[in-house]
Amino acid sequence: MNNPQLHATEPPSPPENLPPENSPPENPPPEHPMRPWTILGRLSRAVREQNWFAVALELGIVVLGVVIGFQVTAWGNERAARAEEQVLLRGLHADFVANRAKYDQTAAAYTLRIRQLR
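Predicted, not measured: the structure shown is a model, and the values here were computed from it. (Residues numbered from 1 in each chain as written. Predicted model: local features only at pLDDT ≥ 70, side-chain atom pairs only at ≥ 80, totals over all residues. Heavy atoms only, no water.)

Caption draft 1: Representation of the overall build of the protein. For the protein, the helix and strand inventory stands at two helices and zero strands. For the protein, the residues scored as buried account for 5% of the 118 residues in total. As displayed, the protein offers around 11,700 Å² of accessible surface, 61% of which is attributable to carbon and sulfur atoms. (Helix = DSSP H or I, 4+ residues; strand = E, 2+ residues; numbered from the N terminus. Buried < 20%, exposed > 50% of the residue type's maximum accessible area, 1.4 Å probe, protein only. Areas by Shrake-Rupley, 256 points an atom, 1.4 Å probe, with all protein chains shown as cover.)

Caption draft 2: Molecular detail of the pattern of salt bridges. Tallying each qualifying case throughout the model produces two salt bridges. Here Arg42 ties to Glu58 by a salt bridge, and the two come within 3.1 Å at their closest N and O atoms. Here Glu58 lies in helix α2 (residues 52-117) and Arg42 lies in helix α1 (residues 39-48), a separation of 16 residues in the sequence. According to the relative accessible area criterion, Arg42 is partly exposed, its value standing at 28%. Taking relative accessible area as the criterion, Glu58 reaches 11% and is therefore assigned buried. (Salt bridge = Lys/Arg side-chain N within 4 Å of Asp/Glu carboxyl O.)

Caption draft 3: Up close: unusual backbone geometry. With phi around 55°, Gln50 is a residue other than glycine that occupies positive phi space. Assessed through its relative accessible area of 55%, Gln50 is described here as exposed.

Caption draft 4: Geometry of α2. Helix length check: α2 (66 residues) gives 95 Å between terminal C-alpha atoms against 98 Å at 1.5 Å per residue, within 8%. Those residues of α2 not exposed but buried are Ala54, Val55 and Glu58. Contacts from the buried residues of α2 go to α1. (Expected span 1.5 Å × (residues − 1). Contact = heavy atoms within 4.5 Å.)

Caption draft 5: Summary view of α1. For α1, the full list of buried residues reads Gly41, Leu43 and Ala46. The secondary structure elements touched by the buried residues of α1 are α2. Following α1 by one or two positions, Gln50 has its phi on the positive side, about 55°.

See the structure below:
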């Protein structure tokens, strides 16, 4: 009843298909996919390379793009406001013409009535 396999102090061996614990994996996962066509990819590469001129240039391009976008938006809003202003001015002109015609008609009627009362 003394079976040497039951009293073994060695840990069981790992399965054959697993790599040992301290060895690097066969195919390490890729770090970060490079995207040189995006501004963020170019910016991160310039920071890693410590190319501060490129970093400043990329940030300047982004800021300039945002400023131009705000200017275009403001220009479009101003055009819309001017178009609305023209519509309102035409409506006011039509109201003034109608009021003037009604005033002239009323003034003529009162003038005739005053002449009749004399």
